[in-house]
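Listed below are the residues making up each chain.
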Amino acid sequence: MPGLLRGVARTAVVAGTATAVSNRVSRRQAGRWAQQDYEQQEQQQYAQQQAPPAPAAPPAAAAPDPMTQKIDQLKQLADLKAQGVLTDAEFENQKRMLLG
């Protein structure tokens, strides 16, 4: 019986040590990942601050004819229907909303 008890005790010590080491490795790796994420965020923020300002938008052209806009939207809907994105019922519903 003492040999069995010694074997069980040794297994418990080895398992406990392995668990402790595994937990420490996991914490260290999580810390490294957190540090890498932090450094990447800092670099992105620095790059955004150093980026030149966006150019001003060009002045808007004269507003297109409302009928032309509707025709363009209908063409887009027809393309979506042809691609299979919209069903026939969805296409008809959107067309009614656009024209009505």
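Since the model is a prediction, treat every value here as computed from it, not as a measurement.

*Asks:* So what's going on with the overall build of the protein? Which residues, and what values?
*Replies:* When helices and strands are tallied, the protein shows three helices and zero strands. Starting at the N terminus, the α and β elements of the protein follow one another as α-α-α. The buried share of the protein, reckoned over its 100 residues, is 4%. For the protein, the exposed surface amounts to about 8,900 Å²; the carbon and sulfur share of it is 58%.

*Asks:* How would you explain a positive patch on the surface if you had to name every residue and give the values?
*Replies:* Taken together, the side chains of R24, R27, R28 and R32 make up a positively charged region of the molecular surface. With respect to the helices and strands, R24 occurs in helix α1 (residues 2-50).

*Asks:* Just give me the short version of the packing of helix α2 (residues 66-83) against helix α3 (residues 88-99), but keep the residues and values in it.
*Replies:* Close contact between α2 and α3 brings their axes to 10 Å; oriented N to C, the two are set at 175°. Accordingly, the angle class assigned to the pair α2 and α3 is roughly antiparallel. Residues K70, Q73, L74, L77, A78 and K81 of α2 touch α3, and the partners they reach there are D88, F91, Q94, K95, L98 and L99. For the contact of α2 with α3, a count of residues per class yields six nonpolar, two polar and four charged.

Conventions used here
Residues numbered from 1 in each chain as written. Predicted model: local features only at pLDDT ≥ 70, side-chain atom pairs only at ≥ 80, totals over all residues. Heavy atoms only, no water. Helix = DSSP H or I, 4+ residues; strand = E, 2+ residues; numbered from the N terminus. Buried < 20%, exposed > 50% of the residue type's maximum accessible area, 1.4 Å probe, protein only. Areas by Shrake-Rupley, 256 points an atom, 1.4 Å probe, with all protein chains shown as cover. Patch = residues over 30% accessible without salt bridge, like charges linked within 9 Å, V, L, I, M, F, W, Y side chains within 5 Å. Salt bridge = Lys/Arg side-chain N within 4 Å of Asp/Glu carboxyl O. Lys, Arg positive; Asp, Glu negative; His and termini not counted. Charge placed at Lys NZ, Arg CZ, Asp CG, Glu CD. Axes fitted to C-alpha atoms, helices over the stretch in contact; angles between N-to-C directions. Parallel < 35°, antiparallel > 145°, perpendicular 65-115°, else oblique. Contact = heavy atoms within 4.5 Å. Nonpolar A, V, L, I, M, F, W, Y, C, P; charged D, E, K, R; others polar.

Function cannot be read off these values alone, since they describe shape.
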